[in-house]
Structure formats: structure tokens, C-alpha cells
Amino acid sequence: MGVRSLLPGRLGFGTAPLGNMYRAVPEEDAAATVDQAWDGGVRYFDTAPFYGAGLSEIRLGQALSRRPRDEYVLSTKVGRLILDETEDVAGRDHAETGGIFADGRPNTMINDYTADATLRSIEDSLERLQTDRLDIVWVHDIAQDFHGDDWLAAYESARTGAFRVLARLREEGVISAWGLGVNRVEPVELTLALEEPQPDAFLLAGRYSLLDHEKALSRLLPQAVDQGVDMVVGGPYNSGVLAGGEHFEYAPASEETRAKVVRVRRLAEEFGVSVKAATLQFSLAHPATAAVIPGATRPEHVLEDIAAVTERVPAEFWTALQQEKIVAPGAPVPAA
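Residues numbered from 1 in each chain as written. Predicted model: local features only at pLDDT ≥ 70, side-chain atom pairs only at ≥ 80, totals over all residues. Heavy atoms only, no water.

Caption draft 1: Expanded view of the pairing of strand E12 (residues 289-293). Counted residue by residue, E12 has five buried out of five residues, so it is predominantly covered. Two elements, strand E9 (residues 230-234) and E12, share four bridges in a ladder whose sense is parallel. Looking at the pairing, glycine 234 lines up with isoleucine 293 of E12. (Buried < 20%, exposed > 50% of the residue type's maximum accessible area, 1.4 Å probe, protein only. Helix = DSSP H or I, 4+ residues; strand = E, 2+ residues; numbered from the N terminus. Pairing = 2+ DSSP bridges.)

Caption draft 2: Summary view of the layout of surface pockets. Approximately 960 Å³ is the volume found for the largest pocket. Taken together, the elements giving at least two residues each to the lining of the largest pocket come down to strand E7 (177-182), strand E8 (201-205) and helix H11 (299-310). Residues that form the lining of the largest pocket fall into these classes: 20 nonpolar, 18 polar and nine charged. (1 Å grid on protein atoms, 1.4 Å probe; cavity = no way out; pocket = protein on both sides within 12 Å on 5 of 7 lines; lining within 4 Å. Points joined across faces, edges and corners; volume = space filled by probe spheres on them. Nonpolar A, V, L, I, M, F, W, Y, C, P; charged D, E, K, R; others polar.)

Caption draft 3: Broad picture of unusual backbone geometry. Along the chain, glutamate 196 connects to proline 197 via a cis peptide bond; the corresponding omega equals -10°. Take proline 197: it is sitting in the loop between helix H7 (186-192) and E8.

Caption draft 4: Representation of the sheet that holds strand E3 (residues 73-78) in the model. Pairing in this open sheet of eight strands is parallel, and the strands run E1-E2-E3-E6-E7-E8-E9-E12 from one edge to the other. Where the open sheet ends on each side, the last strands, each with one partner, are strand E1 (13-14) and E12. The pairing of E7 with E8 spans four bridges and is parallel. Within E8, the position partnered with leucine 180 by the bridge is phenylalanine 202.

Caption draft 5: Structural context of the nonpolar core. Phe45 and Val139 are the most contacted members of the largest nonpolar core, which totals 83 residues. Among residues more than four places away in sequence, those in contact with valine 139 are Val78, Tyr113, Ala158, Ala162, Phe163, Leu166, Trp178, Gly179, Leu180, Gly181 and Val182. Grouped together as the second largest cluster of nonpolar side chains are 13 residues, Val3, Val73, Leu203 and Val232 included. (Core = buried A, V, L, I, M, F, W, Y, C linked by side-chain atoms within 4.5 Å. Contact = heavy atoms within 4.5 Å.)

Caption draft 6: Molecular detail of empty space enclosed by the protein. All chains considered together, the criterion is met by one cavity of 30 Å³ or more. Counted as a void, the largest cavity has a volume near 40 Å³.

Caption draft 7: Looking closely at the pattern of salt bridges. Per the counting criterion, the structure on display carries 24 salt bridges. Residues arginine 133 and aspartate 70 are paired through a salt bridge, measuring 2.7 Å at the closest nitrogen-oxygen approach. Separated by 63 residues along the polypeptide, arginine 133 in the loop between helix H3 (115-129) and strand E6 (136-140) and aspartate 70 in the loop between helix H2 (55-64) and E3 bring together distant segments of the chain. When its relative accessible area of 28% is taken as the criterion, arginine 133 is described as partly exposed. Residue aspartate 70 is classed as exposed on the basis of its relative accessible area of 69%. Of the charged contacts in the structure, one is a salt bridge between glutamate 186 and lysine 215, with a shortest N-O distance of 2.6 Å. Separated by 29 residues along the polypeptide, glutamate 186 in helix H7 and lysine 215 in helix H8 (residues 214-227) bring together distant segments of the chain. The partly exposed category is assigned to glutamate 186, whose relative accessible area is 29%. Members of the salt-bridge network, linked through shared partners, are Arg184, Arg207, Asp212 and Glu249. (Salt bridge = Lys/Arg side-chain N within 4 Å of Asp/Glu carboxyl O.)

Caption draft 8: Expanded view of the packing of helix H1 (residues 27-39) against H2. The interhelical angle for the contact between H1 and H2, taken along N-to-C directions, is 55°, at an axis separation of 9 Å. By the angle between their directions, the pair H1 and H2 is classed as oblique. Helix-helix and strand crossings are classified by hand; for H1 and H2 the assignment is right-handed. Facing H1, whose interface residues are Glu27, Ala30, Val34, Asp35 and Trp38, H2 presents Leu55, Arg59, Leu60, Gln62, Ala63 and Leu64. (Axes fitted to C-alpha atoms, helices over the stretch in contact; angles between N-to-C directions. Parallel < 35°, antiparallel > 145°, perpendicular 65-115°, else oblique. Left-handed = near helix turned anticlockwise from the far one by under 90°.)

Caption draft 9: Quick peek at the environment of glutamate 85. If you trace the backbone, glutamate 85 turns up in strand E4 (residues 80-86). Residues glutamate 85 and alanine 167, 82 residues apart in the sequence, show an inter-C-alpha distance of 31 Å. Among residues more than four places away in sequence, those in contact with glutamate 85 are Pro106, Asn107 and Thr108.

Quick look at the structure:
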């Protein structure tokens, strides 16, 4: 199990922002951002039907359609079907994430983790992405943040539907790997405890960052390492607050969160380190982490991400973060 041998590098590109996350992104900006990622050597791209009701997949597919398919790794997600009918975007209920894709396509989205819906979702994604295959497929958002108290029912539907379909497709060589794409640790812990079927990796968004990592660190990640299941870190900037934005966990950042970010920035300035370098390199330092996939909507932001991965960060900076109790005791930090 694992995806390290599959991934072409430790930095990928998360395309949720291309689905008009928080704001409408011009088509030319979306295309230029993907092009900049490609020109900068990024060869792993992640998307999902949920991102703008298929908009992210469509834009990514258009940008990659002129690239050789064998030269990049592509992942998307199952669990939501995008219908031809339209609906009032303002009336959508995205639970804890609110109206993050209010500027996305108006197509109706429905949650469905059954076997038939999983196969249909993959077929629809292939069409939107203008490709003949997917490398990795993640089961999307089977957690409390989207399903509330009914999340275990959604999980059980995925366990008996999507999990089994994806395990079969992997065995048949149709896909190379599968796992969960979630914002919470609980469904991943539950999945790692199953005897059958077992995933190759999980995409954990926002739960292994400078601002939020203790829960994943304490139990989930050691268990993943023991089982040889890799982690792809999504949302390393926690919805943007660590990259100069105003959102944390898809909502306006609280005073407490903003104060913590100020402390991170102060130490970064003191040691001459960019906050992006601190963030991405911290997430990559854990032995479970196979890759990190920040998102962007501007080419210059992609260039910052690429530079941040290799930026020199002194060991004293990590010590200072530990002393300030921003980095938890026992959390792996990069070697100097």
C-alpha cells in the first residue's frame, strides 16, 4: 500500500480554489495558474466534483488536455453526483463549510456513496477532465463536518459501496490507488481499523498544519505509519489564513486563530523565514506524509509554494515554534 512510488514529487496542486472558492476566478487566471504549476515542475493535480459543482474539474481538464497524460498524476473524488438540473446556489447546505462555492456552477449536487453512484461519478469526472483514466480516487467528506450526526450512516454507505468498488478497480488496474479525502481524523481512524478493504492513502485536509496537528499526531499518524498507509496533506494553509487570507476552516478566522497566526509570522520574520515555507515544510516533515497540495488562483502564488518547499529554514526556528507551543511536543520537524 501507499502512493509514494506513484507520486512524481512531494508538492502537488490542489484545485479547490479553481471551483470559485470564496470568489469568482476569471477563466484566464485559472488557466494561467495551472500552467504555472506545470512550468514549475508540479505533476500531481487533485480535484473533486464538489469544487464548484464540477467547475474545478472542467478547468483542470482544459488546462491539462494539451499535456501528455503519462507525465502527470491525477486524483479526484467520489461521493457527490453533479446533475444536469440546476438549483439556487445560495440555498445549498454545505454544513460547516457554508457557501464556499457560491460562485460555482448552479448544477444540482447530491450525496451518494453507493456502488452505482461511485461508478457513475468516475465516468462523469473522466468526461469533465477530458481524460481516459484516473490515478487516485478519494472518497469525499464522509465525516461529521458535512453530515452532522448522520455521518456514520454516510460512512457505512461508503464502506459497503464506494470502498468495495474502488478496491475492485484497483485490483483490476483501472485505478492505481484509493483512499479517503476528508477534513476530520475520525473516519480515517475508523477505516484503518477495518480488515477489508484497506486504502492506500488518505487525503487529510487541514488537520496536519502549523495551526492544527495535535489530534492527528497523537494516534492517527502513528497508526498510518505502522500500516504503511500514506498521507497527502490538503489545506496546509487552513483555508488561507496561513497564506495571508481571512478564512480558517472555511469560515472567517476567530480572534484566537488570528493571534496564533500573528505569533507564527513574528517568529518567521525574526528568523528570516517565509510563513509558507514554515507551513509546507512542517506538514512534509512527518514520516506519514507523501505530499502536500496547496491550492492557488494566481500564478505568483504557485511560484511562492514551489520556492517554499526548498527554502532554507534554520533549526532554531523550529525550536522557537516548539518553545512558543505552536508546534506540539513530539511533532517531527525538518532537518536543518
